[in-house]
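Coordinate inspection notes
In case you want the letters, here they are:
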Amino acid sequence: MTDVTGSPDDVLHTLFRSEQGGHEQVVLCQDRATGLKAVIAIHSTALGPALGGTRFYPYASEEAAVADALNLARGMSYKNAMAGLDHGGGKAVIIGDPEQIKSEELLLAYGRFVASLGGRYVTACDVGTYVADMDVVARECRWTTGRSPENGGAGDSSVLTAFGVFQGMRASAQHLWGDPSLRGRTVGVAGVGKVGRHLVEHLLEDGARVVIADVRQDSVGRIVDKHPSVEVAVDTERLIRTEGLDIYAPCALGGALDDESVPALTASIVCGAANNQLAHQGVEKDLDDRGILYAPDYVVNAGGVIQVADELHGFDFDRCKEKAAKIFDTTLAIFARAKEDGIPPAAAADRIAENRMAEARRP
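An account of the accompanying structure is given in this report. (Residues numbered from 1 in each chain as written. Predicted model: local features only at pLDDT ≥ 70, side-chain atom pairs only at ≥ 80, totals over all residues. Heavy atoms only, no water.)

Observations regarding the overall build of the chain
- Helices and strands together make up the secondary structure of the chain, namely 16 helices and twelve strands.
- Whereas a compact globule of 363 residues would reach a radius of gyration of roughly 21 Å, the chain reaches 19 Å, a difference of no more than 12%.
- C-alpha extents for the chain along the principal axes are approximately 55 × 50 × 40 Å.
- Within the span of the chain, comprising 363 residues, buried residues form 56% of the whole.
- Element-wise, carbon and sulfur atoms account for 48% of the exposed surface of the chain, whose accessible area totals about 15300 Å².
- One way to put it: in the chain the 36 positive side-chain charges average out to a point 3 Å from where the 51 negative ones average out. (Helix = DSSP H or I, 4+ residues; strand = E, 2+ residues; numbered from the N terminus. Rg over C-alpha atoms; globule rule 2.2 N^0.38 Å. Buried < 20%, exposed > 50% of the residue type's maximum accessible area, 1.4 Å probe, protein only. Areas by Shrake-Rupley, 256 points an atom, 1.4 Å probe, with all protein chains shown as cover. Lys, Arg positive; Asp, Glu negative; His and termini not counted. Charge placed at Lys NZ, Arg CZ, Asp CG, Glu CD.)

What follows is the structure in structure tokens.
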């Protein structure tokens, strides 16, 4: 799916006049007393209440924050549709450095804004927000998931997110090499934070050689201390150029696949946890032209949203893991559809998701 830029004109064009728009509602939230500035974007409620996490990030501008919220919300519509959930897509972003401005009062103020939407948007964790934060938000808003077990929630959703990405990798290996096992394969993981660190565990258990990169050296250190066999690349640019790399897993922020990184990739498969990996329209074709198999991000990273959706109905981990395991079959079905239609996997996934949303809108 296509990203938008951060200028005001581009944001308005996306909202009202482009194929990437069509968002039902965008809410700008401000609470001067706590310093809260937030954007809540609801892309679609065709399948049910919009569901998506809250990102807390120091954006370069308010326009960039709005653009990110629009992109992420749209992605959640597709993700929830492909995961078979009865939820539409929404996303929220809080503008600022969470290490500097996050406070209990700010989170409570944010919770009041979410509550004011009356259940049209259900929030959860994302980059910069954690289970403890959702516990605070939930004090003002009952439409909050990703809470701690002590507060009636399911806890950290990154465990099932990583599990789902691993299933997507196995499906990609099955499609490309005829064997789902990753034993002996070299996998590069860019970003070993919440999700990436759990993904590394799955890969090592399956017998893969793992190379990692992360801008946070403490995250790298935790992995290497626990697993000395894991190799470390100086940065992501070196990682994607690793000789003999079989699979590249972008697990940090979006836009990882662009005009510079795609030509440099040595991997045969891209399958990772990051949202909005394709920097712009056409990147999916560039990958396809190079013979690189791309597992659509919003399909393989749906384990977390499967978990938080289940929390609304009384969380059961085994039930959620069983649903997340189906990401293997869904990924294979997308590859089959792509081959049948003669299009890249990303376009095939979009078609399947759009069909489900269109069917839901029909009277």
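With respect to the side chain of Asn301
- By secondary structure assignment, the location of Asn301 is in the loop between helix 12 (297–300) and helix 13 (303–311).
- In this structure the side chain of Asn301 is engaged in a polar contact, spanning 2.9 Å, whose partner is the backbone oxygen of Ala273.
- Setting aside its immediate chain neighbours within four residues, Asn301 contacts Lys79, Thr161, Val165, Ala273, Ala274 and Asn275. (Polar contact = N/O pair within 3.5 Å; in protein donor to acceptor, adjacent residues only side chain to side chain. Contact = heavy atoms within 4.5 Å.)

A few points about the sheet that holds strand 9 (residues 231–232)
- If you walk across this open sheet you meet the six strands as 9-8-7-10-11-12, and the pairing is parallel. Sheet topology places strand 9 and strand 12 (293–294) at the edges, where each strand pairs with a single neighbour.
- Sheet contacts for helix 7 (residues 196–205): strand 7 (186–190), strand 8 (209–213) and strand 10 (247–250); angle to strand 7, the most-contacted strand, approximately 170°. (Pairing = 2+ DSSP bridges. Axes fitted to C-alpha atoms, helices over the stretch in contact; angles between N-to-C directions.)

A closer look at a negative patch on the surface
- A grouping of Asp235, Glu237, Asp259, Glu260 and Asp286 is seen on the molecular surface, where their side chains present a negatively charged patch.
- Along the chain, Glu260 falls in the loop between strand 10 and helix 10 (261–264). (Patch = residues over 30% accessible without salt bridge, like charges linked within 9 Å, V, L, I, M, F, W, Y side chains within 5 Å. Salt bridge = Lys/Arg side-chain N within 4 Å of Asp/Glu carboxyl O.)

Remarks on the packing of helix 13 against helix 14 (residues 317–325)
- Contact pair helix 13 / helix 14: the axes reach a minimum separation of 9 Å and the direction vectors enclose 145°. The crossing of helix 13 and helix 14 is right-handed. Mapping the contact onto sequence places Gly303, Ile306, Gln307 and Asp310 in helix 13 and Arg319, Cys320, Lys323 and Ala324 in helix 14.
- Grouping the constituent residues of the contact of helix 13 with helix 14 by class yields three nonpolar, two polar and three charged. (Left-handed = near helix turned anticlockwise from the far one by under 90°. Nonpolar A, V, L, I, M, F, W, Y, C, P; charged D, E, K, R; others polar.)

What to know about the environment of Glu150
- For Glu150, the location among the structural elements is in the loop between helix 5 (131–137) and helix 6 (158–177).
- Glu150 sits in the exposed class, given a relative accessible area of 68%.
- Through-space distance from the C-alpha of Glu150 to that of Ala64 is 36 Å; in sequence the pair is 86 residues apart.

Concerning helix 15 (residues 327–341)
- Its 15 residues place the ends of helix 15 21 Å apart at the C-alpha level, agreeing with the 21 Å of an ideal helix rising 1.5 Å per residue.
- Listing the buried residues of helix 15 in full gives Ile327, Phe328, Thr331, Ile334, Phe335 and Ala338. End-on, the buried residues of helix 15 take up no more than an arc of 130°, which puts them together on one face.
- Remark: Gly342 follows helix 15 within two positions and exhibits a positive phi of approximately 70°. (Expected span 1.5 Å × (residues − 1). Arc of directions from axis to C-beta.)

Concerning the nonpolar core
- Within the largest apolar cluster, 62 residues are counted, with the highest numbers of intra-cluster contacts made by Tyr110, Tyr121, Met169, Val189, Leu199, Leu203 and Ile212.
- Among the elements that take part in this core, helix 4 (residues 104–115) stands out by supplying six residues, more than any other.
- Among the nonpolar cores identified, the runner-up in size contains 20 residues, and Val211, Tyr248, Val270 and Ala346 belong to it. (Core = buried A, V, L, I, M, F, W, Y, C linked by side-chain atoms within 4.5 Å.)

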